[in-house]
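This is what each chain is made of:
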Amino acid sequence: SSSNIKVDLDSSNGVAIMQFQNPPVNSLSLDFLTEFAINLEKLELDRSCRGMIITSAQPKVFSAGLDILEMYKKSPEHCAEFWKAVQDAWLKLYGSTKVTIAAINGSSPAGGCLLALCCDYRIMADNPRYNIGLNETQLGIVAPFWFKDSMTNVVGHRETEKGLQLGLLYSAPEALKIGLVDELVPEDKVLSAATENMKKWLAIPDHARQISKSMMRKPTLDKLLANREADTTNFVSFITKDSIQKSLGVYMEMLKKRRS
Ligand code: CO8
């Protein structure tokens, strides 16, 4: 299949820029997630790579999150395969030893927000029309514990509790205020600001930074590693329920009607 992700590794500084190019909205399909995990694995093993920046090649959208069509009217087997790919991408990005920066140049709901939450630092375009958050409950679905943990580790328990229950999508300024993103910059400066910020992280000896990162993240990673099978089983039994399928159908219709 054609490439959904463009990777440029700059050999002068060891920084890889990964651009998502899965039009129209960089939804995280099975193909996309598989390719993403392969790229993460390759860079992880590449000793010349020290950091990576993830960003979108599409205008206005960083990522629309999980591809709803991968979980709508699909067999339990397909849903399980899809979910394992979601877990795998999260484990690889959250557990990456490289410096990871999200250059969030557009909206970033649900799974898109999750990818950003996995990074060491988040820079977002200062456009108030762009939003970010774990809005799963608005679709009638529930963010799993490791989505919740990823958000809690960034913004704390209180904001996560409110954000998850209400399915909040925060505008860029609101996201900055609660610490969901670290910095807002003009839209055309997102990538250059990420490259600039990367220097700070690369000024630290890799081994010391990596051990510190692992110390902070290992308990969160281990929780999913110890419960992967059960998490997949839960997902499949939940997502294939008639009532949940109905909610997804209603949400998809709403997305289409909202347009004009
Ligand atoms: N999956 C599949 N298709 C999508 C998705 C998606 N996530 N998002 C958008 N699309 C489709 C639209 O339906 C539309 O299709 P069509 O052209 O056929 O009508 C096309 O992409 C373009 O979308 P828009 O016209 O809406 O594009 P805009 O630029 O106006 O808006 C947005 C872009 C803001 C990204 C908007 O599309 C949006 O809000 N999308 C929905 C995002 C969302 O709510 N995603 C949640 C996915 S669920 C998830 O990621 C975690 C699930 C955890 C599972 C737990 C279960 C137990």
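Residues numbered from 1 in each chain as written. Predicted model: local features only at pLDDT ≥ 70, side-chain atom pairs only at ≥ 80, totals over all residues. Heavy atoms only, no water.

Asker: In this structure, what is going on with the site of the ligand? I would like to understand it.
Answerer: In the vicinity of the ligand lie 26 residues, with L66, I68, Y251, R258 and R259 positioned nearest. Here an oxygen atom of the ligand sits 2.8 Å away from a polar atom, N or O, in the main chain of L66. Residue I68 places a main-chain N or O atom 2.9 Å away from a nitrogen atom belonging to the ligand. Contact with the protein chains hides 83% of the accessible area of the ligand, taken as 1100 Å² for the molecule alone. Contributions of two or more residues to the shell around the ligand are made by helix 9 (228–239) and helix 10 (242–258). For the shell around the ligand, the element with the highest residue contribution is helix 10, accounting for four residues. The residue inventory of the shell around the ligand, partitioned by class, reads 18 nonpolar, three polar and five charged. (Near = heavy atom within 4 Å. Polar contact = N/O pair within 3.5 Å; in protein donor to acceptor, adjacent residues only side chain to side chain. Areas by Shrake-Rupley, 256 points an atom, 1.4 Å probe, with all protein chains shown as cover. Helix = DSSP H or I, 4+ residues; strand = E, 2+ residues; numbered from the N terminus. Nonpolar A, V, L, I, M, F, W, Y, C, P; charged D, E, K, R; others polar.)

Asker: Can you help me understand the environment of D188 in this one?
Answerer: Take D188: it is sitting in the loop between strand 9 (183–185) and helix 7 (190–202). On the accessibility criterion, D188 (63% relative accessible area) is exposed. Sequence spacing of D188 and N105 is 83 residues, and the spatial spacing of their C-alpha atoms is 8.5 Å. (Buried < 20%, exposed > 50% of the residue type's maximum accessible area, 1.4 Å probe, protein only.)

Asker: How should the sheet that holds strand 8 (residues 170–171) be read in this particular structure?
Answerer: Through backbone hydrogen bonds, the strands of a sheet pair up, either in parallel or in antiparallel fashion. Read from one edge to the other, the open sheet built from three strands follows the order 5-7-8, with strand pairing classed as mixed. In this open sheet, the two strands that pair with only one neighbour each are strand 5 (108–109) and strand 8. Summarising the sheet, strand 5 and strand 7 (residues 131–133) pair through two bridges and their orientation is parallel. Counterpart to P109 in the pairing with strand 7 is G133. (Pairing = 2+ DSSP bridges.)

Asker: Sorry, what's going on with the packing of helix 2 (residues 76–94) against helix 4 (residues 145–155) here?
Answerer: Helix-helix packing is characterised by the crossing angle of the two axes and by the distance between the axes. Packing of helix 2 against helix 4 leaves a shortest axis separation of 12 Å and a crossing angle of 25°. Judged by the angle between their axes, helix 2 and helix 4 are roughly parallel. Relative to helix 4, the crossing made by helix 2 is left-handed. Counted together, W83, V86, Q87, W90 and Y94 of helix 2 and W146, F147, S150 and N153 of helix 4 form the full contact between these two elements. For the contact of helix 2 with helix 4, the class distribution of residues is six nonpolar, three polar and no charged. (Axes fitted to C-alpha atoms, helices over the stretch in contact; angles between N-to-C directions. Parallel < 35°, antiparallel > 145°, perpendicular 65-115°, else oblique. Left-handed = near helix turned anticlockwise from the far one by under 90°. Contact = heavy atoms within 4.5 Å.)

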